[in-house]
Amino acid sequence: MSTHIGKQAIVVGAGMGGLTAARVLADFFDQVLVLENDTLPTEATPRPGTPQSKHAHALLAGGQQALSNLFPDFERSLAKAGAVTLRVTSDFRFERPACDMPQRDLGFLVYSMSRPLIEWTVRKRVVEHRNISFRDRCRAAEFAVTPDGAAVSGVRCEYSEGKAETLPADFVVDASGHGLLTLATLQSIGQPPPPETSVGVDIGYATATFDIPHDAPRDWKAVVTIPDPPRSRRGAFLLPMEGNRWLLTLSGRYADKPPDDWDGFLLHAQSSRTPTVYNAIKNTKPLGGITRFGFKASRWRHFDRLASFPRGLLPFGDAICRFNPVYGQGMSVASQEACLLQRLLAATAAQPNSLTGLATAYFAEAQTIIATPWATAAIPDFLDPLTEGQRPPDLEKTLNFSAGLFQLALEDPEVHKVMLEVQHLLKPQSAYRDPELVRRVEGLAAKA
């Protein structure tokens, strides 16, 4: 059965979404061209187009699994590049309000590394496909459409030296992050933008790296300190990374964001809800400076609610849904979306006009992928009374169930494992609707 769909596909953006999409498209198009506004580094270093890249990132087990499906032996590639293996959750100190979670071996591993290292490792695997090429220092200015406005036919590009051209394409993936080119295209053909759901969180980060000291604690490799709003909006993520270093990201919301001077950074850590992170770093100094980053709101664009969508165009990753990064979901969701795209293309490649209706099918199934990480982020965000957005009508019931679930997980490793499998995107949130689990949680609440 033929898998050939077209001559050229273009991907806008060389981040995790763009890289994984390019890998998938290489199986169906003669050539795949990835356009990137930045100069792509030859090593695992940050670049201007990913201002969040210096901060703590998580590759969840579900994303790790998706990347292994796209790139055989991917975990070996991570380990070879220097990523640190962490056993869930025995290698984590997970400090949560009211109860620190037990450090148990729940039977699966994740890898900890800097964001530049994971992106660089994926890019190395992508370039193994000879029909994928990169064009950096190239700004995608707009998408070209057919005269009838029914399809996208190419990308108009502008280069740093002033040159401009329109590149033809049978298929275009908008993995630019902001997705503004897709919105502009819809406007140009007289179509409405997708409705959006937004949750305002106004989070600020400050991050520093440290050499891991010789007297570092031996009972954990990573620490996650969850804030307890409104009493405390300060959180911390201390993760190991390549080069025997720690990456520490402090977080805060609204008026309680961490500063970028060392004394203020140290004081912010000291005044967090627990002393664990402060005690780990108080006798050391950061390597280089402290970097800040801000995030105002999570955003979900509901492309699935549009009556029609131009053929040959697909927004991808953050262009559809941008998650609160404190939960570390973005890279993993993009990787899972790439596996969805692979499955849909494989199912339609042999059909005539195989791209017709692809976006509609993709949007319908992508919302299923997005629903679990969105719920596991947006619902806890509403614990803070300052969080902006439409609160779900059953919010109190959901929060009470979540509290009961955590309480049950303290005493039952199997419940703890289900919780982590949902949080790591290995299982959908519907796993919480198991009748026996619901009965046990409700029984616990009745005794309270």
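First, a word on scope: everything that follows refers to the structure included in this document. Note on numbering: residues in each chain are counted from 1, in written sequence order. A pLDDT threshold of at least 70 governs which residues receive local features in this predicted model, and a stricter bar of 80 or more applies before side-chain atom pairs are shown or counted, although totals over entire chains, interfaces and linings include all residues. Side-chain metrics rest on all non-hydrogen atoms present in the structure, leaving aside hydrogens and water.

### Structural notes on the packing of aromatic side chains
Working definition: rings of Phe, Tyr and Trp (its six-membered ring) pair if their centres are within 6.5 Å, and the pair is stacked with planes under 30 degrees apart, edge-to-face with planes over 60 apart, and tilted otherwise. This structure, assessed with the given rule, holds 13 aromatic pairs. Here F29 and F171 contribute two aromatic rings whose centre-to-centre distance is 6.0 Å and whose plane-to-plane angle is 10°, an arrangement assigned as stacked. Remark: F171 occurs in strand β10 (residues 171-174) and F29 occurs in strand β2 (residues 29-35); sequence separation between them is 142 residues. Summary of the burial criterion: residues with accessible area below 20% of their type's maximum are buried, those above 50% are exposed, and those between are partly exposed, where the area comes from a 1.4 Å probe applied to protein chains only. The buried category is assigned to F171, whose relative accessible area is 2%. On the basis of an interplanar angle of 85° and a centroid distance of 5.8 Å, the ring pair of F303 and F309 is categorised as edge-to-face. Judged by relative accessible area, which is 3%, F303 ranks as buried. Here a helix means four or more residues in a row that DSSP labels H or I, a strand means two or more in a row labelled E, and each is numbered from the N terminus.

### Section: the sheet that holds β10
At least two bridges found by DSSP between two strands is the condition for calling them paired. Taken in spatial order, the five strands line up as β6-β2-β1-β10-β16 in an open sheet, and their pairing is parallel. For this open sheet the edge positions go to β6 (132-135) and β16 (313-315), each flanked by a neighbour on one side alone. Sheet twist, expressed as the mean angle between neighbouring strand axes with direction ignored, is 20°. Pairing analysis gives four bridges linking β2 to β6, with the strands arranged parallel. Inter-axis angles, ranging from 0 to 180 degrees, are taken between N-to-C directions of lines fitted to C-alpha atoms, where helices are fitted over the stretch in contact.

### Regarding the packing of helix α2 (residues 61-70) against helix α8 (residues 330-348)
Orientation of α2 relative to α8, taken along the N-to-C sense of each, is 40°, at an axis distance of 8 Å. For the element pair α2 / α8, the angle class is oblique. Relative to α8, the crossing made by α2 is left-handed. Contacts between α2 and α8 involve G62, G63, A66, L67, N69 and L70 from the first element and S332, S335, Q336, A338, C339 and Q342 from the second. In this classification, Asp, Glu, Lys and Arg are treated as charged, Ala, Val, Leu, Ile, Met, Phe, Trp, Tyr, Cys and Pro as nonpolar, and every other residue, Gly included, as polar. Each residue belonging to the contact of α2 with α8 can be placed in one class, and the counts come to five nonpolar, seven polar and no charged. These descriptions rest on fixed angle ranges, namely under 35 degrees for roughly parallel, over 145 for roughly antiparallel, 65 to 115 for roughly perpendicular, and the rest for oblique. Here a crossing is called left-handed whenever its near helix is offset anticlockwise from the far helix by less than a right angle, and right-handed whenever the offset is clockwise. Contact between two residues is taken to exist if any of their heavy atoms lie within 4.5 Å; hydrogens are not considered.

### A short note on the environment of G6
Mapped onto the elements of the fold, G6 is located in strand β1 (residues 6-12). Assessed through its relative accessible area of 5%, G6 is described here as buried. Remark: the alpha-carbon pair of G6 and D30, spanning 24 residues in sequence, is separated by 6.6 Å. Look past the residues within four positions of G6 in its chain and what remains in contact with it is F28, F29, D30 and D170.

### Details of the pattern of salt bridges
The term salt bridge refers to a pairing of a side-chain nitrogen on Lys or Arg with a carboxyl oxygen on Asp or Glu at a separation within 4 Å. For the structure shown, the criterion picks out 27 salt bridges. As a salt-bridge pair, D27 and R23 come within 3.0 Å of each other at their nearest N and O atoms. Salt-bridge contacts for E158 lead to R156; the nearest nitrogen and oxygen are separated by 3.3 Å. For R156, a relative accessible area of 26% puts it in the partly exposed group.

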